[in-house]
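# Notes for the structure review
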Amino acid sequence: MFMKNFILFIAVFISIPSFSQDLKIVKTTDYEISYPSNLRYDDSKTRGTEFIIYTEKEDEKDTFIENINLLIQNLKGYQIDLNQYIEITEKQINENGILIESKRTVLNNSEVHILTYEANLNVRNLKFHQYILVKNEKAYVLTYTAEIDKFDIYFPEIIKIFNSFSLKWLLS
């Protein structure tokens, strides 16, 4: 029994994708984030994002590449705080998906709301993990998107990237 569990542990350990330990750091006037150097960073503002960080393609049959993206939404003039933003977001999630987790925490001296949910998007069953912050009339939505069956494979490394994210305290 011990040998069977040991072999299973080794097989699981070997199948976990490894990210490079060399980190790249992105610093802007609003935020800072670090990520492993073997991931692909795209700051072309595709689909309205600040950036997208892509995992590596598994093989030629891999048609969806797991990723992290940052969306910064201008809330100027709307007087929306984090509670109101989360209420609106959860309502949208519940209309189109399944909310799995919703909780509040503090990360790098910022109040952060964490959402995890599943939804079908473009005939793909996807799972999302988000850190949401509202500061200086802007919503910062950091999102990890993965196919449901691959979500947990990358999650431990993704959380390290998420936890490196911090807002710079701007003077209003």
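So, here is what we can say about the structure in this document.

Definitions and limits used
- Residues numbered from 1 in each chain as written.
- Predicted model: local features only at pLDDT ≥ 70, side-chain atom pairs only at ≥ 80, totals over all residues.
- Heavy atoms only, no water.
- Core = buried A, V, L, I, M, F, W, Y, C linked by side-chain atoms within 4.5 Å.
- Buried < 20%, exposed > 50% of the residue type's maximum accessible area, 1.4 Å probe, protein only.
- Helix = DSSP H or I, 4+ residues; strand = E, 2+ residues; numbered from the N terminus.
- Contact = heavy atoms within 4.5 Å.
- Lys, Arg positive; Asp, Glu negative; His and termini not counted.
- Salt bridge = Lys/Arg side-chain N within 4 Å of Asp/Glu carboxyl O.
- 1 Å grid on protein atoms, 1.4 Å probe; cavity = no way out; pocket = protein on both sides within 12 Å on 5 of 7 lines; lining within 4 Å.
- Points joined across faces, edges and corners; volume = space filled by probe spheres on them.
- Nonpolar A, V, L, I, M, F, W, Y, C, P; charged D, E, K, R; others polar.

## As for the nonpolar core
Among the nonpolar cores identified, the biggest contains 25 residues, and Tyr 31, Ile 33, Phe 51, Ile 68, Leu 142, Tyr 144 and Phe 165 are the most heavily contacted of them. Breaking this core down by element, the ones donating at least two residues are β2 (31-36), β4 (51-54), β5 (67-74), β7 (110-121), β8 (124-135), β9 (138-147) and α3 (151-164). Looking at this core element by element, the count peaks at five residues for α3. Not counting residues up to four positions away in its chain, the partners in contact with Ile 68 are Phe 51, Ile 52, Ile 53, Leu 142, Thr 143, Tyr 144, Ile 158, Ile 161 and Phe 162. By size, the runner-up hydrophobic cluster in this structure holds 14 residues, among which are Tyr 117, Ala 119, Ile 132 and Val 141.

## A short note on the side chain of Lys 127
Inspection of the secondary structure puts Lys 127 in strand β8. As a buried residue without a salt bridge, Lys 127 has its nearest oppositely charged side chain in Glu 118, at a separation of 4.3 Å. Once residues within four sequence positions are removed from consideration, Lys 127 is found in contact with Ile 100, Thr 116, Tyr 117, Glu 118, Tyr 144, Thr 145, Ala 146, Ile 148 and Phe 151.

## Digging into the layout of surface pockets
By volume, the largest pocket is sized at about 860 Å³. Together, 29 residues line the largest pocket, and Asn 69, Tyr 117, Leu 121, Phe 128 and Thr 145 are the ones closest to its centre. Elements represented by at least two residues in the lining of the largest pocket include exactly β4, β5, α2 (82-96), β7, β8 and β9. Of the residues that constitute the lining of the largest pocket, the class distribution is 14 nonpolar, 13 polar and two charged.

## Concerning the environment of Ile 72
The topology assignment puts Ile 72 in strand β5. Taking the C-alpha atoms as reference, Ile 72 lies 6.5 Å from Lys 138; in sequence the two are 66 residues apart. Contact partners of Ile 72, with chain neighbours within four places excluded, come to Asp 30, Tyr 31, Glu 50, Lys 138, Ala 139 and Tyr 140.

## Describing the pattern of salt bridges
Inspection of every chain in the model, using the stated rule, returns ten salt bridges. Note that Lys 138 and Asp 30 form a salt bridge whose closest N and O atoms lie 3.0 Å from each other. With Lys 138 in strand β9 and Asp 30 in the loop between β1 (23-27) and β2, this pair connects stretches of sequence that are 108 residues apart. Owing to a relative accessible area of 10%, Asp 30 belongs among the buried residues under this scheme. Residues participating in the shared-partner salt-bridge network are Glu 58, Asp 62, Arg 124, Glu 147 and Lys 150.

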